[in-house]
Amino acid sequence: MEIVTGLTATVSKLLQFSGLSVKNVSGTKNMEEKALEVYDVIRTIRDPEKPNTLEELDVVSEKCVDVHELGDDEYLIIIKFSPTVPHCSLATLIGLCLQVKLQRCLPFKHKLEIYISEGTHTTEEDINKQINDKERVAAAMENPNLREIVEQCVTEPDD
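Residues numbered from 1 in each chain as written. Predicted model: local features only at pLDDT ≥ 70, side-chain atom pairs only at ≥ 80, totals over all residues. Heavy atoms only, no water.

K.L.:
Any chance you could explain the sheet that holds strand 1 (residues 65–71) here in plain terms?
P.N.:
In spatial order, the strands read 1-2-3; together these three strands make up an open sheet with mixed pairing. Since the sheet does not close on itself, it has two edges, and those belong to strand 1 and strand 3 (109–116), each with one partner. Across the sheet, the mean angle separating the axes of adjacent strands is 20° when strand polarity is ignored. Inspection of the sheet shows strand 2 (residues 74–81) paired to strand 3 by eight bridges, in the parallel sense. Bridge pairing in strand 3 places Ile 79 opposite Ile 114. Packed onto the sheet, helix 3 (residues 91–105) meets strand 2 and strand 3 and runs at close to 165° relative to strand 3. Each of strand 2 and strand 3 is contacted by helix 4 (residues 124–131), which is oriented at about 160° to strand 3, the strand it contacts most. (Pairing = 2+ DSSP bridges. Helix = DSSP H or I, 4+ residues; strand = E, 2+ residues; numbered from the N terminus. Axes fitted to C-alpha atoms, helices over the stretch in contact; angles between N-to-C directions. Contact = heavy atoms within 4.5 Å.)

K.L.:
Explanation requested: empty space enclosed by the protein in the structure shown.
P.N.:
A probe matching the size of a water molecule, rolled over the atoms, marks out where space remains unfilled. In total, this model carries one cavity of 30 Å³ or more according to the counting rule given. Space inside the largest cavity adds up to approximately 40 Å³. Split by residue class, the lining of the largest cavity holds three nonpolar, one polar and three charged. (1 Å grid on protein atoms, 1.4 Å probe; cavity = no way out; pocket = protein on both sides within 12 Å on 5 of 7 lines; lining within 4 Å. Points joined across faces, edges and corners; volume = space filled by probe spheres on them. Nonpolar A, V, L, I, M, F, W, Y, C, P; charged D, E, K, R; others polar.)

K.L.:
Before we go on, may I ask you to explain helix 5 (residues 134–142) in this structure?
P.N.:
What sets the pattern is the α-helix's 3.6 residues per turn: residues three or four places apart point alike. Every buried residue of helix 5 is listed here: Val 137, Ala 140 and Met 141. One face of helix 5 carries all of its buried residues, which in axial projection span an arc of 95°. For helix 5, the exposed residues lying more than 90 degrees away from the buried face are Glu 135 and Glu 142. Among the structural elements, helix 3, helix 4 and helix 6 (144–154) are those in contact with the buried residues of helix 5. Between the side-chain oxygen at the start of helix 5 and the backbone nitrogen of Glu 135 there is a gap of 3.0 Å, and the oxygen is on Asp 133. (Buried < 20%, exposed > 50% of the residue type's maximum accessible area, 1.4 Å probe, protein only. Arc of directions from axis to C-beta. Polar contact = N/O pair within 3.5 Å; in protein donor to acceptor, adjacent residues only side chain to side chain.)

K.L.:
Teacher, can you tell me more about the side chain of Lys 34 here?
P.N.:
Within the element layout of this structure, Lys 34 appears in helix 2 (residues 22–42). Excluding anything up to four places from it in sequence, Lys 34 contacts Val 67, Tyr 75 and Phe 108.

K.L.:
Where do I start with the packing of aromatic side chains in this structure?
P.N.:
Geometrically, a pair of aromatic rings is defined through the distance of the ring centres and the angle of the planes. Enumeration over the complete set of coordinates arrives at one aromatic pair. Ring geometry for Tyr 75 and Phe 108: centres 5.2 Å apart, planes at 80°, overall edge-to-face. Of the two residues, Tyr 75 sits in strand 2 while Phe 108 sits in the loop between helix 3 and strand 3, which places them 33 residues apart along the sequence. Each member of the pair Tyr 75 and Phe 108 is classed as buried. (Phe/Tyr/Trp six-rings, centres within 6.5 Å; stacked < 30°, edge-to-face > 60°.)

K.L.:
Please clarify how the nonpolar core should be interpreted in this entry.
P.N.:
Where a protein is soluble and globular, its nonpolar side chains tend to be buried together. Counting 40 residues, the largest nonpolar core has Val 38, Ile 42, Val 60, Val 65, Ile 79, Phe 81 and Leu 98 as its most contacted members. Those elements giving two or more residues to this core turn out to be helix 2, strand 1, strand 2, helix 3, strand 3, helix 4, helix 5 and helix 6. No other element matches helix 3, which puts eight residues into this core. If we skip the residues at most four places from it in the chain, Val 60 touches Tyr 39, Ile 42, Arg 43, Leu 54, Glu 55, Phe 81 and Leu 98. (Core = buried A, V, L, I, M, F, W, Y, C linked by side-chain atoms within 4.5 Å.)

K.L.:
Explanation requested: the packing of helix 3 against helix 4 in the structure shown.
P.N.:
Geometry of a packed helix pair, given as the angle between the helix axes and the separation of the axes. Look at helix 3 against helix 4: their axes get within 10 Å of each other, and the N-to-C directions meet at 30°. It follows from the interaxial angle that helix 3 and helix 4 lie roughly parallel. Helix 4 is crossed by helix 3, and the crossing has right-handed handedness. Contacts between helix 3 and helix 4 involve Ala 91, Thr 92, Gly 95, Leu 96 and Gln 99 from the former and Ile 127, Gln 130 and Ile 131 from the latter. A per-class count over the contact of helix 3 with helix 4 returns four nonpolar, four polar and no charged. (Parallel < 35°, antiparallel > 145°, perpendicular 65-115°, else oblique. Left-handed = near helix turned anticlockwise from the far one by under 90°.)

Right under this line is the structure:
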């Protein structure tokens with residue numbers, strides 16, 4: 001028992017000297033778990049043009065999701081996705097699908113920021129502004145044709 005106590009004390013000291021604490025390590029693990037939870041929601045979104053999911057097309061991956069704690073049970077989720085081609089005409093629609101599915105499916109309070117990965121699209125700045133503008137997202141979802149396309153993309157095959 002003394003060996004375990006001594007080992008625990010040594011690990012705590014090493015973490016303290018490195019600027020970490022047991023709390024920080026468990027907090028990091030919690031953020032990684034939240035990121036995986038977010039990824040599980042978005043990976044099954046279907047591409048608007050192809051019969052594949054965003055995961056299958058490498059538009060999203062586990063590495064594209066970053067989660068930060070904002071406060072008590074509130075999180076900032078940052079997603080950086082990569083369109084399949086630099087001139088993808090449906091990048092804004094993919095961003096809208098990400099917004100809609102996460103707003104519907106995440107069981108915890110969150111703020112959401114969605115971006116196109118830097119250097120992966122010719123008009124990434126303009127699209128980033130559009131997909132993070134709440135008024136534009138709301139207006140887009142009022143369009144019945146657009147709403148139908150989004151529904152087809154975000155609905156699970158067995159839903």
